[in-house]
Amino acid sequence: SAQRAFTAQAFATLRPVPAFLSRTHEIVSDPRTDHIISWSKDGRTFIVWKPEELRKLLPKTLGLFTQPFASFVMELNVYGFVHYGSGNAEGDYFEFGQDGFQRGKPGLMHTIRQKENFGRYRH
């Protein structure tokens, strides 16, 4: 029913956004890091242009990783991000997207959930 859908939507907005998601959104949205990681033209995905430089940035910014880029990608997978492509004639890049993770819409992150069964294997 409409009331049930509203209640589920309202509940979703009350759940805190995990630090990984909010901090990643901040990094992607920061124009100072656009040469390393940025939103795609339509803002529905983001692109890692320089994985090596992102790897150096992640421990400082997110503080969550021992193996920065691989851990970053693994964490994206936990939250249901899709890997859309890698590399072109100009070099390596990695493009990721998730319906709840879009430019200018940080409120959507409340809808993102961890994939089931990931939690029991993570430390």
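Conventions and cut-offs
Residues numbered from 1 in each chain as written. Predicted model: local features only at pLDDT ≥ 70, side-chain atom pairs only at ≥ 80, totals over all residues. Heavy atoms only, no water. Helix = DSSP H or I, 4+ residues; strand = E, 2+ residues; numbered from the N terminus. Buried < 20%, exposed > 50% of the residue type's maximum accessible area, 1.4 Å probe, protein only. Contact = heavy atoms within 4.5 Å. Areas by Shrake-Rupley, 256 points an atom, 1.4 Å probe, with all protein chains shown as cover. Salt bridge = Lys/Arg side-chain N within 4 Å of Asp/Glu carboxyl O. Polar contact = N/O pair within 3.5 Å; in protein donor to acceptor, adjacent residues only side chain to side chain. Core = buried A, V, L, I, M, F, W, Y, C linked by side-chain atoms within 4.5 Å.

A.B. asks: I'd like a description of the overall build of the protein, backed by residues and values.
C.D. replies: The number of helices and strands found in the protein is 4 helices and 4 strands. Along the protein, from the amino end to the carboxyl end, the secondary structure elements read α-α-β-β-α-α-β-β. Counting the 123 residues in the protein, one finds 37% classified as buried. Sequence separation of at least 24 residues holds for 52% of the intrachain contacts in the protein that already meet a minimum separation of 6. A total of about 8,000 Å² of accessible surface is found on the protein, and carbon and sulfur atoms cover 53% of it.

A.B. asks: Describe the side chain of Gln102, and please don't skip the residues or the numbers.
C.D. replies: Among the secondary structure elements, Gln102 is positioned in the segment after strand E4 (91-97). For Gln102, a relative accessible area of 8% corresponds to the buried category. Setting aside chain neighbours within four positions, we find Gln102 in contact with His25, Trp39, Gly43, Arg44 and Leu108.

A.B. asks: Go over the pattern of salt bridges with me, naming the residues and quoting the values.
C.D. replies: Applying the stated rule across the entire model yields 2 salt bridges. Among the ionic pairs, Asp30 bridges to Arg32, the shortest N-O distance being 2.8 Å.

A.B. asks: Quick one: what's the story with the environment of Glu95, residue by residue and with numbers?
C.D. replies: Structurally, Glu95 is set in strand E4. Residue classification places Glu95 among the buried residues on the basis of a relative accessible area of 18%. Excluding its chain neighbours within four sequence positions, the residues that come into contact with Glu95 are Ser40, Thr45, Phe46, Ile47, Val82, His83, Tyr84 and Gly85. Separated by 2.6 Å, the side chains of Glu95 and Thr45 make a polar contact.

A.B. asks: Go over the side chain of Thr24, please, and point to the residues and values.
C.D. replies: By the element assignment, Thr24 lies in helix H2 (residues 19-29). In terms of polar contacts, Thr24 uses its side chain to reach the backbone carbonyl oxygen of Phe20, at 2.7 Å.

A.B. asks: I'd love a proper account of the nonpolar core, names of residues and values included.
C.D. replies: Grouped together as the largest cluster of nonpolar side chains are 22 residues, with contacts concentrated most on Ile37, Phe46, Val48, Leu54, Phe72, Phe81 and Phe101. Elements with a minimum of two residues in this core: H2, strand E1 (37-39), strand E2 (45-48), helix H3 (51-61) and helix H4 (68-78). Not counting the four nearest positions on each side in its chain, Phe46 is found in contact with Val28, Ile37, Ser38, Trp39, Ser40, Phe72, Leu76, Phe81, Phe94, Glu95, Phe96 and Phe101.

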